[in-house]
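Take a look at the letters that make up each chain.
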Amino acid sequence: MKTQIRLRTLGVAAAAAAVLAAPAAASAVTLTGSGSSAAQPYMLELFKGYSQLHHSIHFKYVADGGNAGVKDVQASRFEFSINTRPPQPSDAGTTYEKLFLDGLCIAVHPSNSISNITLPTLKNIFLGVDTAWNQVDGSNLSTTIDPIGRNSAAGQYTFFQQSVLGGATQATNVAQDTSDGLVQVGVGHDPNAIGYVGLSHSGSPVKAISVNGVPCQASTIRSKTYPLFRFDWAVIPTSHPSVKVEQFLDWVRTSHAAGSIINRAGAVAAFNK
């Protein structure tokens, strides 16, 4: 079945929070989801907010990567997933819903004096063409570059591959971490490192730098002027999706309360009134 993209408002009650503990009511329902670790901080806050409004709804979420999450939905292991890349032909049998805006930020160690990088230079670093910092304008280093990326289970990896690498595969010198949090920690501990992370993981202990002269921040993501802005998507089965998940997703996309949570958690509300 061909992947479908629904841009209309739907109704979705979502599953999945790493572990949102709540008193078990007799009619309690746990919605289960998986997917993006980059979006996990936003989703955990949204799960909490929704459960406060609907006390019988709880969530379990496994941050196994956006691409892995799609496979979870296809295999009916989870009721929904969150992905940070647009749908692809391999996503057959699923429907994608735009939830809110996010950005793929480029992070370096705070001691690196670089403040801006161009997309061509970023491509050269992650394809192994530029391997020393003295090949990169703006850095005070001459040491070997230590690039850190994500593995292929991550929608983040696919987005970076398509948006920066022109569809090519990362070079063999790129460390491949299993979560955005690990990339953030890795870059924060290595003065020679550079990595890509979602907006929620672009703060301390790393420094987010501009891309093509545009900073990775909420205002430039909202205006879509940041070159690596993107949507975070909900992924549900096209056939017989959970009504409660649809109700939750509708709340995430449209409610004022959810928009406030999204913005407070560090992402950018896109459709909320």
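Residues numbered from 1 in each chain as written. Predicted model: local features only at pLDDT ≥ 70, side-chain atom pairs only at ≥ 80, totals over all residues. Heavy atoms only, no water.

## As for the pairing of strand β11 (residues 229-237)
The following threshold applies: Per-residue accessibility, obtained with a 1.4 Å probe over protein chains only, is compared with the maximum for each type, and a residue is labelled buried under 20%, exposed over 50%, and partly exposed between these values. Helix and strand labels come from DSSP, where a helix needs a run of H or I of at least four residues and a strand needs a run of E of at least two; each type is numbered from the N terminus. A strand pair is defined by DSSP finding two or more bridges across the two strands.
Judged by how many residues are buried, β11 sits mostly within the fold: 8 of 9 residues are covered. Note: strand β5 (residues 94-108) against β11, 9 bridges, orientation antiparallel. The residue of β11 that forms the bridge with Thr-95 is Ile-236.

## What to know about the packing of aromatic side chains
Think of a pair of aromatic rings as described by two things: how far the centres are apart, and how the planes are tilted against each other in angle. Note the cut-off: To pair, rings of Phe, Tyr and Trp, with the six-membered ring standing in for Trp, must have centres within 6.5 Å; the planes then decide the type, stacked if under 30 degrees apart, edge-to-face if over 60, and tilted in the middle.
Counted under the stated rule, the structure contains 16 aromatic pairs. Residues Phe-126 and Phe-160 carry aromatic rings whose centres are separated by 4.9 Å and whose planes lie at 70° to one another, so their mutual orientation is edge-to-face. Here Phe-160 lies in helix α4 (residues 155-163) and Phe-126 lies in helix α3 (residues 119-126), a separation of 34 residues in the sequence. Note on accessibility: Phe-126 and Phe-160 belong to one class, buried.

## A word on the pattern of salt bridges
Keep this limit in mind: Salt bridges, as used here, are contacts in which a Lys or Arg side-chain nitrogen is within 4 Å of a carboxyl oxygen on Asp or Glu.
Applying the stated criterion across every chain, the model contains 6 salt bridges. With a closest N to O distance of 3.0 Å, Arg-77 and Asp-72 form a salt bridge. You can call Asp-72 buried: its relative accessible area is 6%. Connected via shared salt-bridge partners are Asp-102, Arg-230 and Asp-232.

## Here's the deal with α3
Selection criterion: Directions drawn from the helix axis to the C-beta atoms are what define this arc. We call two residues contacting when some pair of their heavy atoms lies within 4.5 Å.
Every buried residue of α3 is accounted for by Leu-122, Ile-125 and Phe-126. Around the axis of α3, the buried residues are gathered within 85° of arc, so they sit on the same side. The secondary structure elements touched by the buried residues of α3 are β5, β6 (116-117), β7 (146-150), α4 and β9 (193-198). Within two residues after α3, Gly-128 carries a phi angle of roughly 80°, on the positive side.

## Points about the nonpolar core
Worth spelling out the cut-off: We call a set of buried residues a nonpolar core when its members are Ala, Val, Leu, Ile, Met, Phe, Trp, Tyr or Cys and they connect through side-chain atoms within 4.5 Å of each other.
Judged by nonpolar contacts, the single largest core of 71 residues is most densely connected at Leu-46, Ile-106, Ile-194 and Phe-248. When residues of this core are assigned to their parent elements, the largest contribution, 9 residues, is made by β5. With residues near it in sequence (within four places) discarded, Leu-46 still touches Phe-100, Phe-248, Trp-251, Val-252, Ala-258, Ile-261 and Ile-262.

## As for empty space enclosed by the protein
Quick note on the threshold: Only protein atoms enter the 1 Å grid, on which a cavity is a set of points fitting a 1.4 Å probe that cannot get out and a pocket is an open set with protein on both sides within 12 Å along at least 5 of 7 lines, lining residues being those with an atom within 4 Å of a point. Grid points are joined across faces, edges and corners, and a volume is the space filled by probe spheres set on the points. For this scheme, ten residues count as nonpolar: Ala, Val, Leu, Ile, Met, Phe, Trp, Tyr, Cys and Pro. Four count as charged, namely Asp, Glu, Lys and Arg, and the remainder, Gly too, count as polar.
If you walk through the whole model with that rule in mind, you get 1 cavity of 30 Å³ or more. Size it by volume and the largest cavity reaches roughly 30 Å³. For the largest cavity, the full set of lining residues is Ser-36, Ser-37, Ala-38, Gly-65, Gly-66, Thr-84, Arg-150, Ala-154, Gly-155 and Gln-156. Per-class residue counts for the lining of the largest cavity are 2 nonpolar, 7 polar and 1 charged.

## Looking at the confidence of the model for the protein chain
Let me state the cut-off plainly: Confidence of the predictor at the level of single residues is given by pLDDT, which spans 0 to 100.
Put simply, the protein chain has an average pLDDT of 92, and 90% of its residues get 70 or more. Predicted confidence is poor over residues 5-25, with pLDDT under 50, and the contacts of this stretch with residues over four places away or in other chains come to 86 contacts.

## Focus: the environment of Val-235
For Val-235, the location among the structural elements is in strand β11. When the C-alpha atoms of Val-235 and Ala-168 are compared, they prove to be 25 Å apart, with 67 residues separating the residues in sequence. The residues touching Val-235, leaving out its near neighbours within four places in the chain, are Val-70, Val-73, Glu-79, Phe-80, Ser-81, Asn-83, Thr-94, Thr-95 and Tyr-96.

## Observations concerning the environment of Thr-84
In plain terms, the rule: A 3.5 Å cut-off defines polar contacts: any pair of N or O atoms within that distance qualifies, except that in protein one atom must be a possible hydrogen donor and the other a possible acceptor, and neighbouring residues in sequence count only when both atoms are side-chain atoms.
Looking at where Thr-84 falls in the secondary structure, it is placed in the loop between β4 (80-83) and β5. When the C-alpha atoms of Thr-84 and Asp-232 are compared, they prove to be 4.6 Å apart, with 148 residues separating the residues in sequence. Residue contacts for Thr-84: discarding those within four places in its chain leaves Ser-36, Ala-38, Gly-155, Gln-156, Phe-159, Arg-230, Phe-231 and Asp-232. For Thr-84, the side chain forms a polar contact with the main-chain nitrogen of Gln-156, separated by 3.1 Å.

## Section: the state of the cysteines
Selection criterion: Cysteine sulfur atoms are paired as a disulfide whenever they fall within 2.5 Å.
According to the stated counting rule, one finds 1 disulfide in the structure shown. There is a disulfide in this structure between Cys-105 and Cys-216, and the S-S distance comes to 2.0 Å. Classification of the bridge connecting Cys-105 and Cys-216 rests on its S-S torsion, roughly -60°, and on that basis the disulfide is left-handed. Highlighted residues: Cys-105 in strand β5 and Cys-216 in the loop between β10 (207-211) and α6 (218-222), separated in sequence by 111 residues. Each member of the pair, Cys-105 together with Cys-216, is buried.

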